[in-house]
Amino acid sequence: MSIDLNQALEYAVAWAKEVGKIQLSYFRGNDLGIQTKSNVYDVVTRADKESEAFLLDKIQKHYPGHAVLGEESGAHAGTAEYRWVIDPLDGTNNYSQGLPVFTVSIGLQYREETILGVVYAPYLGELYTAIRDRGARYNGKVIRVAEKQDLAHSVLGTGFPYDKDVNPDNNAANLAAILPSIRGIRRMGSAAYDLCCVAAGWLDGYWELALQPWDMCAGALIVQEAGGIVRRFRENRGISILAGNAALVEKMGEKIQ
Ligand code: IPD
Ligand code: CA
Ligand code: CA
Ligand code: CA
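Residues numbered from 1 in each chain as written. Chains lettered and ligands numbered in written order. Predicted model: local features only at pLDDT ≥ 70, side-chain atom pairs only at ≥ 80, totals over all residues. Heavy atoms only, no water.

Draft legend 1. Spotlight on the packing of aromatic side chains. According to the stated counting rule, one finds 12 aromatic pairs in the structure shown. Consider the rings of tyrosine 11 and tyrosine 63, whose centres lie 6.0 Å apart with planes at 75°: the pair is edge-to-face. Here tyrosine 11 is found in helix 1 (residues 5-26), whereas its partner tyrosine 63 is found in the loop between helix 2 (46-62) and strand 3 (67-70), with 52 residues between them in sequence. Taking the centre distance of 4.9 Å and the plane angle of 50° together, the rings of phenylalanine 27 and phenylalanine 102 count as tilted. One end of the pair, phenylalanine 27, is in the loop between helix 1 and strand 1 (35-36); the other, phenylalanine 102, is in the loop between helix 3 (92-97) and strand 6 (103-110), with 75 residues separating them in the sequence. Phenylalanine 102 carries the same exposure label as phenylalanine 27, and that label is buried. (Phe/Tyr/Trp six-rings, centres within 6.5 Å; stacked < 30°, edge-to-face > 60°. Helix = DSSP H or I, 4+ residues; strand = E, 2+ residues; numbered from the N terminus. Buried < 20%, exposed > 50% of the residue type's maximum accessible area, 1.4 Å probe, protein only.)

Structure below.
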């Protein structure tokens, strides 16, 4: 049975905004409940856990039977072909530091293809949405990726994996390879936000290694629906992607491995 995507988008936006309220209620306070996960660089807060519990509850109430994959609670099997892929708080390092770039990311897949994406940055008041084949929007306005074709005029985003103690390949070599050729580099601290910035043309391109599905599910659809491409570039370590317009991704690919 197929679902009403407009309805699903309406729900996902409403949930993201509610989750944003939870996150803002703790932000820059002294009740963050910061803990570490896989290593000392990998942190989680009370807000991550409450946000995920909220989303899981809403999805299971409105779409019983749909599968869910969330960063904090893992995989929840479903009987249907639909799967929600959620990162309740993308940018926990920023969040726990009191830095304003953090997002709620909600993707919906049908037979493993992403069909809906919502990314909301509560502190910034920025909402990015997409439905497959229906374009991407920023606060309701249609967005397009930047048109720059050369590295020299481009400002790119990237990130650095947290598993650097077990995997010394932490993206520093790629940064060194591309930095001399570009106008600037940004490390926003939320992969979902980086992708939305590419979709809206605020960043010309973005690459990152070793992402997880919840980091990029919604954001990748938003880029594609804004006319960009998301290309995977190595298969040996999580999800590694280049994003931007096709010509720029080609040029980034010559430097990034
Ligand atoms: C992280 C952010 C960060 C990226 C890391 C992710 P989290 O997600 O997206 O920008 O560089 O690879 O793990 O842990 O804050 O949800
Ligand atoms: Ca995390
Ligand atoms: Ca994340
Ligand atoms: Ca997260």
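Draft legend 2. Geometry of the coordination of the calcium ion (ligand 4). Bound to the calcium ion (ligand 4) are the protein donor atoms Glu71 (OE), Asp87 (OD) and Leu89 (O), situated 2.2 to 2.3 Å from the metal. Spacing between the donor residues of the calcium ion (ligand 4) along the chain follows E-x15-D-x1-L. Here the calcium ion (ligand 2) and the calcium ion (ligand 4) are spaced 3.8 Å from one another, each receiving a donor from glutamate 71. A residue pair is termed long-range when its members are at least 10 positions apart, and glutamate 71 in the loop between strand 3 and strand 4 (74-76) and aspartate 87 in strand 5 (residues 82-90) qualify at 16 residues. Relative accessible area serves as the criterion here: at 0%, aspartate 87 is assigned to the buried category. (Donors = N, O, S within 2.8 Å, 3.2 Å for Na, K, Ca; no water.)

Draft legend 3. Spotlight on the sheet that holds strand 13 (residues 205-211). Across the sheet, which stays open at both edges, the five strands sit in the order 12-11-13-15-14 with mixed pairing between neighbours. Where the open sheet ends on each side, the last strands, each with one partner, are strand 12 (184-186) and strand 14 (229-234). Strand-to-strand twist across the sheet, computed as the mean angle between neighbouring axes with direction ignored, equals 20°. For strand 14 and strand 15 (residues 239-244), the ladder comprises five bridges, and the chain directions are antiparallel. When the sheet's bridge partners are listed, arginine 232 is paired in strand 15 with isoleucine 241. The sheet strands contacting helix 7 (residues 246-255) are strand 11 (155-157), strand 13, strand 14 and strand 15, and the helix crosses strand 15 at an angle near 130°. (Pairing = 2+ DSSP bridges. Axes fitted to C-alpha atoms, helices over the stretch in contact; angles between N-to-C directions. Contact = heavy atoms within 4.5 Å.)

Draft legend 4. Representation of the UniProt feature "binding site: Mg(2+) 1" (unreviewed entry) in the chain in the model. According to UniProt, the feature "binding site: Mg(2+) 1" (unreviewed entry) maps to Glu71, Asp87, Leu89 and Asp215 in the numbering used here. Of the residues just listed, which span 145 residues, no C-alpha pair is farther apart than 9.5 Å, and they cluster in one region. Look at glutamate 71 and you get partly exposed, because its relative accessible area is 24%. Those residues within four positions of glutamate 71 in sequence are excluded, and the remaining contacts are Lys37, Glu52, Ile86, Asp87, Pro88, Leu89 and Trp214. As for its placement among the helices and strands, aspartate 215 is situated in helix 6 (residues 213-225). Of note is the side chain of aspartate 215, whose polar atom sits 2.8 Å from the backbone nitrogen of glutamine 212. (UniProt positions renumbered as here; feature names shortened; annotations may be inferred. Polar contact = N/O pair within 3.5 Å; in protein donor to acceptor, adjacent residues only side chain to side chain.)

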